[in-house]
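Per-entry structural report
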Amino acid sequence: MRAPAAARDKAGTPPAPAWRDEPYAWALRAGHGPLFLRRDDGRLLPLDVERWCADADAADESVLARCSGAVLDIGCGPGRLVAALAGRGHRALGVDVSPAAVTRTVRRGGMALCRSVFEPLPGERRWTTALLVDGNIGIGGDPVALLRRTARILAPHGRLIAEAAAIEVDERCEVRLDDGRGGLGTRFPWARVGPEALLRHAARAGWAAAHVWTVAGRHFAELVPAVSPPAGPEDRPRTP
């Protein structure tokens, strides 16, 4: 399966505006923060831009070791995992709604597409492994809808490696990107899911846990299909 480079993509609708906002693009170009998700209650959730822009670390290596076949990195950011997978001979594609993230991924030697996971993607039902790391279980603000959508992207016996939050939490909220210096992005829905909550949502979406582990304070689960995921409107995230 041949994954297209970002420059060749002409399909799909424009990326969600939140991740096109300058706070995120500037942080990726600089390779560091500060960058936060600001909740409506004023609480700031820090984003680890430096780690995203660095090479794969020990926790990432534990994920990479479990990848097989063709790998789709959902919300690939600046592409450290896509580049690492490509360097190991995997067919790997990153998808991200941020043009800055896609550009940085391609410059690192990876292949990436500027598109939402909820839009049509190349190679659907042929990907062997999918990744939802670095908080990306929160995409769309509805973990069950995201997990069901991921099941339909993967091959029938594909696997999903998902990262949970560092603490036990299960919440949906609206957030804005905040650069810590007064720059704010537009509001968008997000979710935070801890290790136990991740497994609950996975079970609802038709997944079973094959393995769970923790490295350097980061929590992961390898999920495999438990049953055929039900069809229905929950493929789309619900508004919080």
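Residues numbered from 1 in each chain as written. Predicted model: local features only at pLDDT ≥ 70, side-chain atom pairs only at ≥ 80, totals over all residues. Heavy atoms only, no water.

**Brief notes about unusual backbone geometry**
What you tend to see is this: most non-glycine residues have negative phi, and most peptide bonds are trans. The criterion, for reference: Helix and strand assignments come from DSSP, with helices taken as H or I runs of at least 4 residues and strands as E runs of at least 2, each series counted from the N terminus.
Between Gly33 and Pro34 the backbone carries a cis peptide bond, its omega angle lying at 10°. Among the secondary structure elements, Pro34 is positioned in the loop between helix H1 (22-30) and strand E1 (36-39).

**Thoughts on the pattern of salt bridges**
For clarity, the cut-off: Basic side-chain nitrogens of Lys or Arg form a salt bridge, by our definition, when they fall within 4 Å of a carboxyl oxygen of Asp or Glu. Relative accessibility decides the category of a residue: with a 1.4 Å probe and only protein chains considered, values under 20% of the type maximum give buried, values over 50% give exposed, and everything between is partly exposed.
Evaluation of the coordinates by the stated rule reveals 21 salt bridges. We note a salt bridge from Arg218 to Asp60, for which the minimum N-O separation is 3.0 Å. Highlighted residues: Arg218 in strand E11 (residues 218-225) and Asp60 in helix H3 (residues 58-64), separated in sequence by 158 residues. Comparing Arg218 with Asp60 shows no difference in burial state: the two are buried. For Glu222, the salt bridge identified is with Arg66, shortest N-O distance 2.8 Å. With Glu222 in strand E11 and Arg66 in the loop between H3 and strand E3 (71-74), this pair connects stretches of sequence that are 156 residues apart. Since its relative accessible area comes to 28%, Arg66 is described here as partly exposed. Look at the salt bridges and you will find they share partners, linking Asp48, Arg51, Asp57, Asp60, Arg80, Asp134, Glu163 and Arg218 into a network.

**Here we look at the sheet that holds strand E10 (residues 207-215)**
Selection criterion: Two strands pair under a simple rule: DSSP has to find at least two bridges between them. Every axis in this analysis is a line fitted to C-alpha atoms, fitted for helices over the stretch in contact. Angles between the N-to-C directions lie between 0 and 180 degrees.
Across the sheet, 7 strands lie side by side as E5-E4-E3-E6-E7-E11-E10; this open sheet has mixed pairing. The open sheet terminates on both sides in strands that have one partner only, identified here as strand E5 (112-114) and E10. The sheet shows a mean angle of 20° between the axes of neighbouring strands, taken without regard to direction. Summarising the sheet, strand E4 (residues 92-96) and E5 pair through 3 bridges and their orientation is parallel.

**Things to note about the sheet that holds strand E8 (residues 170-178)**
Ordered in space as E2-E1-E8-E9, the 4 strands form an open sheet in which the pairing is antiparallel. The open sheet has two edge strands, strand E2 (44-46) and strand E9 (188-193), and neither has a second partner. This sheet shows a mean twist of 45° between the axes of neighbouring strands, independent of strand direction. Here E1 pairs with E8 via 4 bridges, running antiparallel. Paired with Leu37 across the bridge in E8 is Leu177.

**Observations concerning the nonpolar core**
Our working rule: Residues grouped as a nonpolar core are buried Ala, Val, Leu, Ile, Met, Phe, Trp, Tyr and Cys residues, joined through side-chain atoms within 4.5 Å. Only heavy atoms matter for contacts: two residues are in contact if any of them lie within 4.5 Å across the pair.
Core analysis: the largest hydrophobic core is formed by 49 residues, its most contacted members being Leu37, Leu72, Ile74, Val117, Leu147, Leu160 and Trp207. Among the elements that take part in this core, helix H6 (residues 143-153) stands out by supplying 5 residues, more than any other. Other than its neighbours up to four places away in sequence, Val117 contacts Ile74, Ile139, Leu146, Arg149 and Ile153.

**Examining the packing of aromatic side chains**
Stated precisely, the cut-off is as follows: Centres within 6.5 Å are what make two rings of Phe, Tyr or Trp a pair, Trp counting through its six-membered ring; a difference in plane orientation under 30 degrees is then read as stacked, over 60 as edge-to-face, and the rest as tilted. Look at NZ for Lys and CZ for Arg. If either is within 6 Å of the ring centre and within 35 degrees of the ring normal, a charge sits over the ring.
Scanning all chains against the criterion turns up 2 aromatic pairs. For the pair Trp213 and Phe220, a centre-to-centre distance of 5.4 Å together with 25° between the ring planes defines the contact as stacked. Both residues of the pair, Trp213 and Phe220, belong to the buried class. Above the face of the Trp213 ring, Arg66 is positioned so that its terminal group lies 5.0 Å from the ring centre.

**Regarding the confidence of the model for the protein**
Here is the rule: The quantity known as pLDDT measures the predictor's confidence residue by residue, on a range of 0 to 100.
On average, residues of the protein carry a pLDDT of 89, and 85% of them reach 70 or more. When the criterion is pLDDT under 50, residues 1-15 qualifies, and its contacts beyond four places in sequence or with other chains add up to 31 contacts.

**Quick word on the pairing of strand E7 (residues 154-164)**
Rules: For crossovers, right-handed means that the path from the first strand over the helix to the second runs clockwise, given strands pointing away from the viewer.
Among the 11 residues that make up E7, 8 are buried, leaving the element largely enclosed by the rest of the structure. Here strand E6 (residues 127-132) pairs with E7 via 5 bridges, running parallel. Each residue of the ladder has a partner; that of Ala130, found in E7, is Leu160. On the question of chirality, the crossover connecting E6 to the parallel E7 by way of H6 is right-handed. Bridge count for E7 against E11 is 5 bridges, and the pairing is antiparallel. Each bridged residue has a counterpart across the sheet, and for Leu160 the counterpart in E11 is Leu223.

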